[in-house]
Amino acid sequence: MGTIYRDVRTKSSYRVDLRAELGIPIFNKPSRKEAIEARNRLLKQASDGVDVGYKDNTFGKLLDGWEESQSRNIKISDDSVQSYNAGKRILRKIFINDKLLTEYKLEDITTGILKNYVQNALHCDEKNPDKKVSAKTCNNRWVIVTGCFQYAIDNKLISYNPTTSIKPIYNPKKEYRRIDPKDVWDVIRAMPKYQLEAETAIMTGARTSELRALGKYNVTIANRSSILIDRSLCKKGKFKKVKSLTRDISIGNELAQKLRTHLEQQPKYKHFDGTQKDLVFPNSDGDVVRAGAWYNEGLKKGIVKANKLREKNKETEIKPFTWHDLRHFYASVLIFKTSYSPATITYLMGHRNIDFTYRQYGIWLENRKHDSQIGNEIEQAVIATRLEN
């Protein structure tokens, strides 16, 4: 009686399944011998009349059981351990109608309770409940709840998972500052050392890590000039290729000619083994540019220099912006100056999916749609007056 089998997830422990015989959840033991001993002990206790069933069917008991389980349904990453521990503490402190969540029977916990009380509680800071944590932190905590209820489903403690219809928390749409094109070009002209890098950024929307990793093989200068973005730099300074972010972006003749001249005049940097280095925008040694160099040595100084010139001409001061804001500037051009569809914008920006594009630039896209509708309505109204006459 009872089933014992190797855990396919951990591959280092054995699972004991006594659900049919005793009605208790599946549990793990580190060796087959211990699993057999535990099974035989529980079956003997049951035959002697000892109650070993899972009678305490509360969320607190479920949370304890899930924590003890070595085969969690959702793996918690190392960088989410802090959120995970905070989430457990919060779950044990939630009061709903003067009753702790841990005291609720599983069958009494509905989707509404989880969404309106539990998810909201996990979205609050542990020490200051009036302060909201980020959506990422909230979702790292939320996996505890989804993992618990999936554990309950697997062990047939409940027949319905109330978390299935609850969507993760997303940060509210935020509107990025639309930088005046004149400001951008005035600053670029004031930073000649990194002018080409900045122009490439605003004409391709490439991330800084992608431009720093851009290789000569990525640049095609022909009848249809283009830049293939297929790799970037990770935090450890190594190149990494992300297939979902790969894109081939067409560039104009002016930028293509500047890149051609830049590559022709560039020194032939070589590695120690004699092979040629292939970076388009290297440092003075032909290696990867230090992170932050383009901003600190170029853009930051360019803004100061451009503002001094504007002060002389009694013009409006340029508000500081970062190198990544050049990418947002590219996005604003795509959205407001072209008729590209959101799907095309997603591809050109190198986003993983269109949902991310809407989360990033949803307000801009809505404003463009609204402006377009107004324009069409005005056009139709004007045409109607012409037809009347």
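That block above? That's the structure.
Residues numbered from 1 in each chain as written. Predicted model: local features only at pLDDT ≥ 70, side-chain atom pairs only at ≥ 80, totals over all residues. Heavy atoms only, no water.

Draft legend 1. Representation of the packing of helix α3 (residues 59–68) against helix α6 (residues 135–154). Contact geometry of α3 with α6 gives a least axis separation of 9 Å together with a crossing angle of 95°. Taken together, α3 and α6 sit at an angle that is classed as roughly perpendicular. Contact residues: α3 offers Phe59, Leu62, Leu63, Gly65 and Trp66, while α6 offers Val143, Ile144, Gly147, Cys148, Phe149, Tyr151 and Ala152. (Axes fitted to C-alpha atoms, helices over the stretch in contact; angles between N-to-C directions. Helix = DSSP H or I, 4+ residues; strand = E, 2+ residues; numbered from the N terminus. Parallel < 35°, antiparallel > 145°, perpendicular 65-115°, else oblique. Contact = heavy atoms within 4.5 Å.)

Draft legend 2. Geometry of the sheet that holds strand β8 (residues 247–250). The three strands are arranged β4-β5-β8 in an open sheet whose pairing can be described as antiparallel. Strand pairing shows two members of the sheet lacking a second neighbour, β4 (219–220) and β8, which therefore form its edges. With four bridges connecting them, strand β5 (residues 226–229) and β8 associate as antiparallel partners. Looking across to β8, one finds that leucine 228 is bridged to aspartate 248. (Pairing = 2+ DSSP bridges.)

Draft legend 3. Quick look at the packing of aromatic side chains. Taken as a whole, this structure holds seven aromatic pairs when the rule is applied. With 5.6 Å between their ring centres and 55° between their planes, tyrosine 176 and tyrosine 361 make a pair best called tilted. On the criterion of sequence distance, the pair formed by tyrosine 176 in the loop between α6 and α7 (181–189) and tyrosine 361 in helix α14 (residues 354–388) is long-range, its members being 185 residues apart. An angle of 90° between the planes, with centres 6.2 Å apart, marks the rings of phenylalanine 281 and tryptophan 294 as edge-to-face. Here the residue phenylalanine 281 occupies a position in the loop between α10 (253–265) and α11 (293–312), and tryptophan 294 occupies one in helix α11, the gap between them amounting to 13 residues. Taken individually, phenylalanine 281 and tryptophan 294 each receive the classification buried, so the pair is uniform in this respect. Ring pairs connect the aromatic residues Tyr176, Phe336, Tyr361 and Trp364, which therefore count as one cluster. One Lys or Arg, lysine 99, reaches over the ring of tyrosine 104 and ends 4.8 Å from the middle of that ring. Here the guanidinium or amino end of arginine 231 rests over the ring plane of phenylalanine 239, the centre of that ring lying 4.1 Å away. (Phe/Tyr/Trp six-rings, centres within 6.5 Å; stacked < 30°, edge-to-face > 60°. Buried < 20%, exposed > 50% of the residue type's maximum accessible area, 1.4 Å probe, protein only. Lys NZ or Arg CZ within 6 Å of the ring centre and 35° of its normal.)

Draft legend 4. Quick look at the packing of α7 against α11. For the pair α7 and α11, interaxial distance at closest approach is 8 Å and the crossing angle is 105°. When the axes of α7 and α11 are compared, the pair comes out roughly perpendicular. Residues Lys182, Asp183, Asp186 and Val187 of α7 pack against Leu299, Gly302, Ile303, Ala306 and Arg310 of α11. Here the residues of the contact of α7 with α11 sort into four nonpolar, one polar and four charged. (Nonpolar A, V, L, I, M, F, W, Y, C, P; charged D, E, K, R; others polar.)

Draft legend 5. Inspection of the environment of proline 342 at higher detail. Mapped onto the secondary structure, proline 342 falls in helix α13 (residues 342–349). Along the sequence, proline 342 and isoleucine 354 sit twelve residues apart, while their C-alpha atoms lie 7.0 Å from each other. Apart from residues lying up to four places away in sequence, proline 342 is in contact with Ile354, Tyr358 and Arg368.

Draft legend 6. Summary view of the pattern of salt bridges. Scanning the entire structure with this criterion turns up 18 salt bridges. When the shortest N-O distance is used, the salt bridge between aspartate 278 and arginine 231 registers 3.6 Å. You can see aspartate 278 sitting in the loop between α10 and α11 and its partner arginine 231 sitting in the loop between β5 and β6 (232–233), a full 47 residues away along the chain. Judged by its relative accessible area of 12%, arginine 231 falls in the buried class. A salt bridge links lysine 258 to glutamate 254; the shortest N-O distance between them is 3.4 Å. One end of the pair, lysine 258, and the other, glutamate 254, are both in helix α10, four residues apart, so they sit about a helical turn from each other. According to the relative accessible area criterion, glutamate 254 is exposed, its value standing at 55%. (Salt bridge = Lys/Arg side-chain N within 4 Å of Asp/Glu carboxyl O.)

Draft legend 7. View of a positive patch on the surface. The grouping of Lys136, Lys235, Lys240 and Arg352 at the surface amounts to a positive patch. Take lysine 136: it is sitting in helix α6. With a relative accessible area of 57%, lysine 136 lands in the exposed category. (Patch = residues over 30% accessible without salt bridge, like charges linked within 9 Å, V, L, I, M, F, W, Y side chains within 5 Å. Areas by Shrake-Rupley, 256 points an atom, 1.4 Å probe, with all protein chains shown as cover. Lys, Arg positive; Asp, Glu negative; His and termini not counted. Charge placed at Lys NZ, Arg CZ, Asp CG, Glu CD.)

Draft legend 8. A look at unusual backbone geometry. In this structure, aspartate 98 is a non-glycine residue whose phi angle is positive, near 60°. A residue is classified by how much of its surface remains accessible, and aspartate 98, at 78% relative accessible area, is exposed. Backbone geometry at lysine 314 places phi at a positive 55°, although glycine is not the residue there. Position of lysine 314 relative to the elements: it lies in the loop between α11 and α12 (324–337). What makes lysine 314 exposed here is its relative accessible area of 81%.

Draft legend 9. A look at the pairing of β5. Note: β4 against β5, two bridges, orientation antiparallel. Pairing of threonine 220 across the sheet is with serine 226, part of β5. Remark: five residues form the turn of the hairpin made by β4 and β5, two consecutive strands paired antiparallel.

Draft legend 10. Just the pairing of strand β2 (residues 14–17), in detail. Here β2 shows no split at all, with Tyr14 and Val16 on one side and Arg15 and Asp17 on the other all buried. As judged from the four bridges shared by strand β1 (residues 3–6) and β2, these two strands associate in the antiparallel manner. Across the sheet, tyrosine 5 pairs through a bridge with arginine 15, a residue of β2. Examined bridge by bridge, β2 and strand β3 (residues 27–29) share three bridges and lie antiparallel to one another. Note on β3: the bridge partner recorded for valine 16 is phenylalanine 27.

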